[in-house]
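So you can see what is in the structure, the chains are spelled out below.
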Amino acid sequence: MGKGVNDTTQSGLLALSGVRHETESVVFLALGLLREFGLSVAFSFPESCCFECCIKCLGGVPYASLVATILCFSGVALFCGCGHVALAGTVAILEQHFSTNTTDHALFSEVIQLMQYVIYGIASFFFLYGIILLAEGFYTTSAVKELHGEFKASACGRCISGMFVFLTYVLGVAWLGVFGFSAVPVFMFYNIWSTCEVIKSPQTNGTAAVEQICVDIRQYAIIPWDAFPGKICGSALENICNTNEFYMSYHLFIVACAGAGATVIALLIYMMATTYNYAVLKFKSREDCCTKF
């Protein structure tokens, strides 16, 4: 009798399977006919399911790291691009007006060329580092908010987060020095520009005192004291300020300094975000975190 029941059950299942396959075939055939006649069928899904999925995805976005990445990319691009062109313009101004002897500014030209290569390295490094920090922000934000089920932050993950915190602090301090160093050429060009404005002023323009107003570039230790001419005065200095090289270099150094400042702000945001995420990961890895939170 049991054997008869099993045979009946299997026969019923086979019949249901056949009906299901036939139903699917009919549905696909009907959809094909509708498409042939230019008709479309819309399937509706619950809006709440889509809304909850979107909210969950948006909750896993590290907005602080995203803002810091955009700011870091913009700042580094401005600093590297404008700084590279401004350095080349500075060398051209020095060679044409302040140091006619090549041996006098040979060391300075080599330093400028080395700095341009360093700029290439800085741009490449921060492009990769920004992407890595953004990816680490996605990882830690998802782990902190427990978006994917149970909390599963491993010891290796916490160690990597701590390494990024330390490295970001070091880079932040280093970029403070870069920001201060980038203000030096701005100060130098501002002094030359302000001296030219004094020459152009109505009180001194056209008088003998104009030729006594000078700028000695040797005082900035760019070229040696025996470099010739080293000092430019009067109308010759005014002509330098009217050149495109001086105008472009001055403003590009200002933009490069602003880019360095934006990078410092971006690294500060990175430091706050990575430190917070690391602290929460470290705390929630403890077994008694729920009782001492």
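Residues numbered from 1 in each chain as written. Predicted model: local features only at pLDDT ≥ 70, side-chain atom pairs only at ≥ 80, totals over all residues. Heavy atoms only, no water.

Caption draft 1: Looking closely at the overall build of the protein. For the protein, the helix and strand inventory stands at eight helices and two strands. Helices and strands in the protein line up, N terminus first, as α-α-α-α-α-β-β-α-α-α. With 293 residues in all, the protein has 36% of them scored as buried. A fraction of 77% describes how many contacts in the protein between residues 6 or more apart in sequence connect residues 24 or more apart. Per element, the accessible surface of the protein, about 18,100 Å² overall, is 70% carbon and sulfur. (Helix = DSSP H or I, 4+ residues; strand = E, 2+ residues; numbered from the N terminus. Buried < 20%, exposed > 50% of the residue type's maximum accessible area, 1.4 Å probe, protein only. Contact = heavy atoms within 4.5 Å. Areas by Shrake-Rupley, 256 points an atom, 1.4 Å probe, with all protein chains shown as cover.)

Caption draft 2: Structural context of the packing of aromatic side chains. By the definition in use, this model includes 14 aromatic pairs. Between the aromatic rings of Phe125 and Tyr129, the centroid separation amounts to 5.6 Å while the plane-to-plane angle is 15°, which identifies the pairing as stacked. One end of the pair, Phe125, and the other, Tyr129, are both in helix 4 (residues 106-145), four residues apart, so they sit about a helical turn from each other. Given a relative accessible area of 38%, Phe125 falls into the partly exposed group. Relative to Trp193, the ring of Tyr190 has its centre 5.9 Å away and its plane inclined at 35°; by these criteria the two rings are tilted. Separated by three residues within a single helix, Tyr190 and Trp193 lie in helix 5 (residues 155-200), roughly one turn from each other. Assessed through its relative accessible area of 34%, Trp193 is described here as partly exposed. Here the aromatic cluster, defined as three or more aromatic residues joined through ring pairs, consists of Phe79, Phe125, Phe126, Tyr129, Phe164 and Trp175. (Phe/Tyr/Trp six-rings, centres within 6.5 Å; stacked < 30°, edge-to-face > 60°.)

Caption draft 3: Geometry of the state of the cysteines. According to the stated counting rule, one finds two disulfides in the structure shown. Put simply, Cys196 and Cys241 are joined by a disulfide, and their sulfur atoms are 1.7 Å apart. For the disulfide bridge between Cys196 and Cys241, the dihedral angle about the S-S bond is near 55°, and by the sign convention the bridge is right-handed. Here Cys196, found in helix 5, pairs with Cys241, found in helix 6 (residues 234-241); they are 45 residues apart in sequence, far enough to count as distant. Put simply, Cys214 and Cys233 are joined by a disulfide, and their sulfur atoms are 1.8 Å apart. The sign of the 105° torsion about the S-S bond sets the Cys214-Cys233 disulfide as right-handed. A residue pair is termed long-range when its members are at least 10 positions apart, and Cys214 in strand 1 (residues 214-216) and Cys233 in strand 2 (residues 231-233) qualify at 19 residues. Should the bonded cysteines of the protein be numbered as they appear in the sequence, the pairing reads 1-4, 2-3. (Disulfide = S-S within 2.5 Å.)

Caption draft 4: Structural view of the nonpolar core. Grouped together as the largest cluster of nonpolar side chains are 50 residues, with contacts concentrated most on Trp175, Ile192 and Ile217. Looking at this core, the elements that each hand over two or more residues are helix 3 (63-98), helix 4, helix 5, helix 6 and helix 7 (244-284). Discounting residues that sit within four places of it in the chain, Ile217 has contacts with Leu94, Phe98, Met188, Ile192, Ile222, Ile223 and Gly230. (Core = buried A, V, L, I, M, F, W, Y, C linked by side-chain atoms within 4.5 Å.)

Caption draft 5: Summary view of the pattern of salt bridges. Under the criterion given, the structure shown has one salt bridge. Close ionic contact of Asp216 with Arg218 constitutes a salt bridge, the shortest N to O distance being 2.9 Å. For Asp216, a relative accessible area of 17% translates into the label buried. The class of Arg218 is buried, set by a relative accessible area of 15%. (Salt bridge = Lys/Arg side-chain N within 4 Å of Asp/Glu carboxyl O.)

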